[in-house]
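Inside the fold
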Amino acid sequence: MSVVNNDTQVLKNYVGGKWVDTAGEKFGEVINPSTGEVIAKVPLSTKEDVANAVETAQKTFETWRNVPAPKRARLMFAFQHLLVKHHEELAKLVVQENGKAFKEAYGEVQRGIECVEFAAGAPTLLMGESLNNIAEEIDSEMFRFPLGVVGGITPFNFPMMVPLWMFPLAIVCGNAFVLKPSERTPLLATRLAELFTEAGAPDGLLNIVHGAHDVVNGLIEHEKVKAISFVGSQPVAKYVYEQAAAQGKRVQALSGAKNHHVVMPDCDMDKAVSHIISSAYGSAGQRCMACSAVVVVGEKGDEFVAKLKQKADELIMGSGFDDEVLLTPVIRKEHRDKVLDYIELGMKEGAELIRDGRKEMDEHMEGNFLGATIFDRVTPDMTIAKEEIFAPVLSLLRADTLDEALRYMEKSRFGNGATIYTKDAKAVRQFREEADAGMLGINVGVPATMAFFPFSGWKDSFYGDLHVNGKDGLNFFTRKKMVTSRFDF
Ligand code: NAD
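Quick caveat: nothing in here was measured; it's all calculated off a predicted structure.

What follows concerns the sheet that holds strand β14 (residues 291-297). Judged by pairing direction, the sheet is mixed, and its 7 strands sit side by side in the order β15-β16-β17-β14-β13-β19-β20 without closing on themselves. In the strand order of this sheet, the two ends are held by β15 (352-355) and β20 (439-442), each with one partner. On average, each strand axis in the sheet is inclined to that of its neighbour by 20 degrees, with strand direction left out of account. Against the sheet, helix α10 (residues 269-281) contacts β13 (259-263), β14, β17 (393-399) and β19 (417-421), and its axis sits at roughly 155 degrees relative to β14.

Right, here's the structure in full:
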């Protein structure tokens, strides 16, 4: 049950450097997933709100585009300094609105800071290319230019890191930004806007319009929005990609996942178990790089499963503010209900429920808790093997060989991440060459890439061409202009 405090904070949009009310009348509730308490009300803004923010961003863009790159980079240095200063406070905010453990939230803030550090390298990143004498007395040069107003739409699961994948790099490239954070975790974005302003950002450079699908559609439909960066679930990613591309916009849409971890018989089994437990159950399985399917290869399968179950039994579930806790609540009760349906379905489809996390729900009725759940003897055609459940529910598949494990992975429509646990160089190489996913781990539980590399999902885990972060991010947020000059006149 939600508990509403009388002094519940009512969020506003941030447009042109001012906190403004929505033109609409609808509000959503921001709920602490551990306690059920309503911690804020968030405006479900209208297309009119979006249009105001985009027009404001466009005006700011007209001057910001001409600010020299080193000066733009200095804004990032100042912002980075403030983020470091407020590291702990930001992490606590993540715990409060998202529910994940403080240690994980602290790491998330760090990942976000690294994006700002990457963006601070703008003068080097933004350099063009040139070649003299492409023909007699003729030279050719390439310059980078910003796009204009860029829209960002973000999910609930990384309220700090995902917005920072987007707006620092977009802005340092000379664009202005309109951000629509998840309506389930909008507090962190609000705080980021305050800190960005304190760092010296001009009014109208970063604007925030809170809300849900109306805001998303407003951004897609507005002709002055030149590009959209999206991160969220698969159906919405596909929708945003198709609709925004149909409007002639540049789009990168990062989507859902079903990340397979392959356990080879020669691996250090204790270490593999420990990595899988933290990958599958950290953040309640709500990471796009979470391990959600394990393919156990070979005759030592039963030994692995027994060890995994034992470690899952030892997990402590509770509030993210408790240091001992790894297993935290899922984001909303409605989401947990969907997960419970998946558990029923898994049993109906013939998978063996060897650990039933539903039994641990009762003691924590206030929060959206679900104990660590494990299905064994899952086959690749079962729904629980195919769909993203986004919860502490792990599917174990059995395979005789690495070839067979790779075939299982090929069948998945998703290809965000995948990991192999082994000491066998030949297996590592085969996995590296053949695994059908964009981010691989070799004995690494969460092979998420850092800010200077692309975050590189494949198949239905990504729609678009240029990924977020690294040089891909730079190319996404800039367009190139070629100048060919003749000097013999
Ligand atoms: P979501 O799709 O529900 O929401 C994402 C954004 O889309 C939110 O801002 C939301 O308001 C908006 N939205 C939701 N429904 C919409 C609709 N019908 N029309 C228009 N806009 C809509 O995703 P979520 O639950 O917030 O986040 C979890 C999902 O994000 C998971 O699927 C996870 O795998 C994915 N994710 C992927 C990556 C990646 O790198 N591939 C990273 C983080 C999260």
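Moving on to the pairing of strand β12 (residues 250-254). Counting buried positions along β12 yields 5 of 5 residues, so the element is predominantly enclosed. Every second residue of β12 is oriented toward a common face, with R250, Q252 and L254 on one face and V251 and A253 on the other, all of them buried. For strand β11 (residues 225-231) and β12, the ladder comprises 5 bridges, and the chain directions are parallel. Paired with I228 across the two strands is V251, which belongs to β12.

Glancing now at the UniProt feature "binding site: NAD(+)" (unreviewed entry) in the protein chain. According to UniProt, the "binding site: NAD(+)" (unreviewed entry) feature falls on F156, K180, E183, R184 and E388. The annotated residues occupy 233 residues of the chain and do not converge on a single region, their most distant C-alpha atoms lying 23.5 Å apart. Given 30 C-beta atoms within 10 Å, K180 falls into the buried group. With respect to the helices and strands, E183 occurs in the loop between β9 (176-180) and α7 (187-198). Accessibility expressed as a C-beta count within 10 Å gives 21 for E183, which makes it buried. Sequence-distant contacts of E183, that is, excluding residues within four places in its chain, are made with G28, V42, L44, H210, G211 and A212.

Here strand β4 (residues 27-31) runs beside strand β5 (residues 37-43); their pairing, made up of 5 bridges, is antiparallel. Paired with E29 across the two strands is K41, which belongs to β5. Linking β4 back to β5 in an antiparallel pair, the connection comprises 5 residues, with G36 at a positive phi of about 80 degrees.

Counting residues in hydrophobic clusters, the biggest one holds 153 residues, and the most contacted among them are F177, I228, V240 and V263. Counting residues per element, this core draws most heavily on helix α6 (residues 161-172), at 10 residues. Among the domains, domain 1 (13-256) and domain 2 (260-442) are the pair contributing at least three residues each to this core. Discounting chain neighbours no more than four positions away, the residues touching I228 are G151, I153, L219, I220, V240, A244, K249 and V251.

The next point concerns the UniProt feature "active site" (unreviewed entry) in the protein chain. UniProt records the feature "active site" (unreviewed entry) for C288 in the present numbering. With respect to the element layout, C288 can be found in the loop between α10 and β14. Using a count of 27 C-beta atoms within 10 Å as the deciding quantity, one classes C288 as buried. What C288 contacts, discounting residues up to four positions off in sequence, is N157, A257 and N416.

The next thing to look at is the site of the ligand. Around the ligand, the surrounding shell holds 28 residues, and the nearest of these are P155, H213, G232, S233 and C288. Classifying every residue of the shell around the ligand by side-chain character gives 14 nonpolar, 11 polar and 3 charged. Looking at which domains feed residues into the shell around the ligand, each of domain 1 (13-256) and domain 2 (260-442) supplies at least three.

Parameters at a glance
- Residues numbered from 1 in each chain as written.
- Predicted model: local features only at pLDDT ≥ 70, side-chain atom pairs only at ≥ 80, totals over all residues.
- Pairing = 2+ DSSP bridges.
- Helix = DSSP H or I, 4+ residues; strand = E, 2+ residues; numbered from the N terminus.
- Axes fitted to C-alpha atoms, helices over the stretch in contact; angles between N-to-C directions.
- Contact = placed C-beta atoms within 7 Å.
- Buried ≥ 20, exposed ≤ 12 C-beta atoms within 10 Å, placed from the backbone.
- UniProt positions renumbered as here; feature names shortened; annotations may be inferred.
- Core = buried A, V, L, I, M, F, W, Y, C linked by C-beta atoms within 7 Å.
- Domains from an automatic or database assignment.
- Near = placed C-beta within 6 Å.
- Nonpolar A, V, L, I, M, F, W, Y, C, P; charged D, E, K, R; others polar.

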